[in-house]
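Residues per chain are reported as follows:
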Amino acid sequence: MKSDAISFPNSAKGLSALEDILVRRFGLDYENVFTFCLSRPSEANRFHFPCHWLVGMSARGDGQIRVGCGRYDWHFGKDGRVEKLAIAIDCMTVLPAAELSASMIWLSSLPYPWCSPDQAIDGMPTTEGYAEIANYLKLAGPIAPER
């Protein structure tokens, strides 16, 4: 985690722990959650799929918007099942609730779940609060898998 704008546990093991984090705790605090992978997997990603991601959501309590970027590292077994997922949160911006409409119009217009960085930048609200996200997206590109 490279941001204090959102609270997330450092690790979780097993389906029950993930459900607790993502469904129970996270789902109680946030709504209007949109998550995008910023590249598509290829045959080379059969066992390791690293990619940048973009997420946007609103807080249930105060309506503030959180938009962030980072990296997923999906690791798959020979049977194709996920063995490990590492999530790096590189940046997270908190915007006022007044940005909800513009943020949700932008996020809901993006292709799901695969969205290129250029597509994400196109139509992004132009308020100053999005500058860090735009800068991240300009640098995000495909990541080669481990061999």
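Our structure's up above, just so we're on the same page.
Residues numbered from 1 in each chain as written. Predicted model: local features only at pLDDT ≥ 70, side-chain atom pairs only at ≥ 80, totals over all residues. Heavy atoms only, no water.

1. Observations concerning the pairing of strand β4 (residues 82-95)
Here is step 1: Two strands pair when backbone bridges link them, and strand β3 (residues 65-76) and β4 are joined in this way by 12 bridges, in the antiparallel orientation. Note that in β4 the partner of F76 across the bridge is V82. (Pairing = 2+ DSSP bridges. Helix = DSSP H or I, 4+ residues; strand = E, 2+ residues; numbered from the N terminus.)

2. Brief notes about the sheet that holds strand β2 (residues 48-59)
Each strand in a sheet pairs with its neighbour through backbone hydrogen bonds, running either in the same direction (parallel) or in the opposite one (antiparallel).
Here is step 1: With antiparallel pairing, four strands are arranged side by side in an open sheet as β1-β2-β3-β4. At either margin of the open sheet sits one strand with a lone partner, and together these are β1 (30-37) and β4. Each strand axis lies, on average, 20° off the axis of its neighbour in the sheet, ignoring direction.
Here is step 2: This element, helix α2 (residues 100-109), spans β1, β2, β3 and β4 of the sheet and lies at about 35° to β1. (Axes fitted to C-alpha atoms, helices over the stretch in contact; angles between N-to-C directions. Contact = heavy atoms within 4.5 Å.)

3. Observations regarding the nonpolar core
Here is step 1: One finds L54, V67, W106, L110 and I133 to be the most contacted residues of the largest nonpolar core, which totals 21 residues.
Here is step 2: Going through the elements one at a time, β3, β4, α2 and α4 (131-139) are the ones with two or more residues in this core.
Here is step 3: In terms of residue count, the dominant contributor to this core is α4 (four residues).
Here is step 4: Setting aside anything within four residues of it in sequence, one finds V67 in contact with L54, V55, G56, C91, M92, T93, L95, W106, Y130 and I133.
Here is step 5: Within the second largest apolar cluster, 12 residues are counted, among which are Y30, F49, M57 and M92. (Core = buried A, V, L, I, M, F, W, Y, C linked by side-chain atoms within 4.5 Å. Buried < 20%, exposed > 50% of the residue type's maximum accessible area, 1.4 Å probe, protein only.)

4. A word on the packing of aromatic side chains
Pairs of aromatic rings are described using the distance from one ring centre to the other and the angle between the two planes.
Here is step 1: Evaluation of the coordinates by the stated rule reveals seven aromatic pairs.
Here is step 2: When the ring of F36 is compared with that of Y112, the centres are 6.2 Å apart and the planes differ by 75°; the resulting orientation is edge-to-face. Residue F36 is found in strand β1, and its partner Y112 is found in the loop between α2 and α3 (117-121); the two are separated by 76 residues along the sequence.
Here is step 3: The class for F36 is buried, based on a relative accessible area of 0%.
Here is step 4: Through a chain of ring-to-ring contacts, the aromatic side chains of W53, Y72, W74 and F76 assemble into a single cluster. (Phe/Tyr/Trp six-rings, centres within 6.5 Å; stacked < 30°, edge-to-face > 60°.)

5. Re α4
Here is step 1: For α4, the full list of buried residues reads I133, A134, Y136 and L137. Seen from one end, α4 has its buried residues packed into an arc of 160°, which puts them on one side. Seen from the buried face of α4, the exposed residues on the opposite side, beyond 90 degrees, are K138 and L139. (Arc of directions from axis to C-beta.)

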